[in-house]
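Notes for the structure review
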Amino acid sequence: MRGVIPDEQRRTLAQLDERLDLSVGDSEAKRSAFWVMLTLSAVIAVAGVVSDSTATVIGAMIVAPLSTPILGVGLGITTGRGALVGRSLLYVAGGICVVVVLGIVFAQVLPNPTNVLTNSQVLGRTSPTLMDLTAALATGLVGAIAVARKDVGDVLPGVAIAISLVPPLAVVGVCLVSGAPTLAMGAFVLFASNVVAMIITGTAVFVVAGYTRDAGISKTSHRRAYSLLTALLIVVAIPMVGNSLSSLWATQIGTAAEQWLDGTPGAEVTAVTWQGSTATVAVLGPETLPPLDELEKSVDALIPWNPDVQVVHTVGARIVVE
């Protein structure tokens, strides 16, 4: 670990406390800055989600201060300070409430909030997969190393963009108002996975960097905390595994549907979606399509639990204007 965090660039435990513990130093100013910046980042995030503006959402990510108490949880676990863990979790919980409530309030003024559910900012955050969890773990490592080292603090804005903490919570509020609790749950799973990943990687980096030794704590004394973090990681990974498999199966069904339509001039697959145990294939094409039985047999050969297959057929063709 010396190559990752050289001794000459390693922050002391006191310096790390100053950065991650909001009760150390000028605590009143720290808390004020945290809540002001969190509220503003929430407003920016909701505006970006509602307007489907990627640039605005990125701005909210950079401003958001939630990574500080999250890494504070990791430092508290590393140094055996339950009070720091508790305080940091309270800030995280308070931050969740603030952002979700602001999402709900702002979404109330939309003329037709259900339209928001189809924009890219919402759709991109309501079906997290294992790749999102992998990215969160890698980003958490970068964030923890950047905090522990004196010379790489300039990478923290990139970490804030990659970890995406506030925008998923904004999506939760917007989806709740729009009558889509399932989508809201998907966005919250993305947020929770990012939090758990950051705590796990932060704890790992801080332990290996020697902060456990600095606090006079034995590495083996944290087994219960490590077990809890592992359990939480498994819990948030389960729906991500399901989403990953659904995405894979949707791709396979789309390929099978294209092969099914191969002999039908002008027919094409426009979308494949899942609803429970039913796969819905949207098709644009002429009035007559091949027998559905052929597609069902192909899907049954691909998917182990033989899902129901529905075809939504739109009669017509694409018009290319040259």
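Residues numbered from 1 in each chain as written. Predicted model: local features only at pLDDT ≥ 70, side-chain atom pairs only at ≥ 80, totals over all residues. Heavy atoms only, no water.

Here we look at the overall build of the protein
Helices and strands together make up the secondary structure of the protein, namely 13 helices and three strands. For the C-alpha atoms alone, the extent of the protein along its principal axes is close to 75 × 45 × 35 Å. The buried share of the protein, reckoned over its 322 residues, is 44%. A separation threshold of at least 6 residues defines the contact pool for the protein, and within that pool the share at least 24 residues apart is 73%. (Helix = DSSP H or I, 4+ residues; strand = E, 2+ residues; numbered from the N terminus. Buried < 20%, exposed > 50% of the residue type's maximum accessible area, 1.4 Å probe, protein only. Contact = heavy atoms within 4.5 Å.)

Some thoughts on the nonpolar core
Ranked by size, the top nonpolar core spans 64 residues in total, and within it Leu66, Phe191 and Phe206 carry the most contacts. Ranked by residue count, the leading element in this core is helix α10 (residues 181-208), at 10 residues. In this view, Leu66 contacts Phe34, Leu38, Tyr91, Val92, Gly95, Leu165, Val166, Leu169 and Phe191; residues no more than four positions away in its chain are not counted. Ala257, Val269, Ala279 and Val283 belong to the second largest nonpolar core, which has 14 residues in total. (Core = buried A, V, L, I, M, F, W, Y, C linked by side-chain atoms within 4.5 Å.)

Quick notes on the sheet that holds strand β3 (residues 308-315)
Within the open sheet, the three strands sit side by side as β1-β2-β3. Their pairing is mixed. Strands at the two margins of the open sheet, each flanked by one partner only, are β1 (268-275) and β3. Mean inter-strand twist for the sheet, computed between neighbouring axes without regard to direction, equals 20°. One ladder, built from seven bridges, connects β1 with strand β2 (residues 278-285); its direction is antiparallel. Within β2, the position partnered with Trp274 by the bridge is Ala279. (Pairing = 2+ DSSP bridges. Axes fitted to C-alpha atoms, helices over the stretch in contact; angles between N-to-C directions.)

A closer look at the confidence of the model for the protein
Residues at a pLDDT of 70 or more form 93% of the protein, whose mean pLDDT is 85. When pLDDT is averaged over each helix and strand of the protein, the minimum, 71, is found for helix α8 (residues 156-163) and the maximum, 92, for helix α5 (residues 82-107). (pLDDT = per-residue confidence, 0-100.)

Structural notes on the pattern of salt bridges
By the definition in use, this model includes four salt bridges. The residue Arg10 makes a salt bridge to Asp214 at a minimum N-O spacing of 2.4 Å. Of the two residues, Arg10 sits in the segment before α1 (13-20) while Asp214 sits in helix α11 (residues 211-214), which places them 204 residues apart along the sequence. Exposure remark for Arg10: the relative accessible area of 16% places this residue in the buried category. The salt bridge partner of Asp21 is Arg87, with a shortest N-O separation of 3.0 Å. (Salt bridge = Lys/Arg side-chain N within 4 Å of Asp/Glu carboxyl O.)

A closer look at the side chain of Asn119
Tracing the backbone through its elements, the reader meets Asn119 in the loop between α5 and α6 (120-123). Note on Asn119: relative accessible area 9%, which makes it buried. From its side chain, Asn119 meets the backbone oxygen of Val49 in a polar contact 2.8 Å long. Dropping the residues within four chain positions of it, Asn119 is found in contact with Val49, Val50 and Asp52. (Polar contact = N/O pair within 3.5 Å; in protein donor to acceptor, adjacent residues only side chain to side chain.)

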